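Structure assessment
Residues per chain, in single letters:
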Amino acid sequence: MAEDLHIASGTKEEQYVALVPQVRGLLEGEPDLVANLANVAAALKEQFGWFWVGFYLVKGDELVLGPFQGPVACTRIRKGRGVCGSSWAQEKTLIVPDVEAFPGHIACSSLSRSEIVVPLLRGGEVVGVLDVDSASLDAFNAVDQRWLEEIVSLISF
Ligand code: SME
């Protein structure tokens with residue numbers, strides 16, 4: 001696939017509809033996990049301009065920072081800690097409209113105001129999470145959940 005991403009305008013839904021086939025194209029025929037995680041993070045950051053987009057991967061009893069776009073971030077997160085570790089423990093997507101109201105939120109940056117974390121499930125096991133942070137309050141909803149869950153399902157482990 002061409003390396004240029006076509007940036008769509010319109011509603012959030014329309015932006016995802018335009019983005020998903022491009023993500024499929026980026027992933028097609030490429031088996032390398034780091035390359036694929038890096039391109040998915042970059043595509044999401046380019047399309048939506050969020051503050052931070054990246055992956056944490058399960059290594060033993062911790063999440064370890066993987067490919068991301070945005071400012072430097074916390075490297076290791078234990079299971080059940082913060083939004084990422086809670087999403088891992090609960091094996092479900094968590095939407096946090098106001099990070100300051102989430103007990104135990106891990107503030108890698110004080111500029112992050114809202115967050116969505118989507119677990120990467122393979123064979124019933126969480127192998128990592130996609131974490132997206134916005135500098136605006138209440139930036140994520142069920143539309144993001146639906147499409148981000150679809151996007152992470154395209155990544156093969
Ligand atoms: N806020 C996350 C930590 C990761 S950074 O936002 C990149 C959390 O509470 O798990």
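As shown above, the structure is provided for reference.
A brief report on the enclosed structure follows. (Residues numbered from 1 in each chain as written. Predicted model: local features only at pLDDT ≥ 70, side-chain atom pairs only at ≥ 80, totals over all residues. Heavy atoms only, no water.)

**A few points about the overall build of the protein chain**
Each helix and strand counted, the protein chain has 4 helices and 6 strands in total. Listing the helices and strands of the protein chain from first to last along the sequence gives α-α-β-β-β-α-β-β-β-α. For 157 residues, the compact-globule formula gives about 15 Å, and the C-alpha radius of gyration of the protein chain, at 15 Å, lands near that figure. Overall, the C-alpha framework of the protein chain stretches about 40 × 30 × 25 Å when taken along its three principal axes. Counting the 157 residues in the protein chain, one finds 45% classified as buried. (Helix = DSSP H or I, 4+ residues; strand = E, 2+ residues; numbered from the N terminus. Rg over C-alpha atoms; globule rule 2.2 N^0.38 Å. Buried < 20%, exposed > 50% of the residue type's maximum accessible area, 1.4 Å probe, protein only.)

**Overview of the pairing of strand S6 (residues 125–134)**
Across the 10 residues that make up S6, a large majority, 8, are buried. As judged from the 9 bridges shared by strand S5 (residues 114–122) and S6, these two strands associate in the antiparallel manner. Bridging from a neighbouring strand, Glu 115 pairs with Asp 133 of S6. Taking the residues that link successive antiparallel strands as the turn, the S5-S6 hairpin has 2 residues, and the phi of Gly 123 there is positive, at about 60°. (Pairing = 2+ DSSP bridges.)

**Some details on the sheet that holds S6**
Taken in spatial order, the 6 strands of this open sheet run S3-S2-S1-S6-S5-S4, and their pairing is antiparallel. Two strands lie at the open edges of the sheet, namely strand S3 (76–78) and strand S4 (94–96), each paired on one side alone. Neighbouring strand axes in the sheet, compared pairwise and without regard to direction, differ in orientation by 25° on average. Each of strand S1 (52–59), S4, S5 and S6 is contacted by helix H4 (residues 142–153), which is oriented at about 35° to S5, the strand it contacts most. (Axes fitted to C-alpha atoms, helices over the stretch in contact; angles between N-to-C directions. Contact = heavy atoms within 4.5 Å.)

Any functional reading would require information that these geometric values do not contain.
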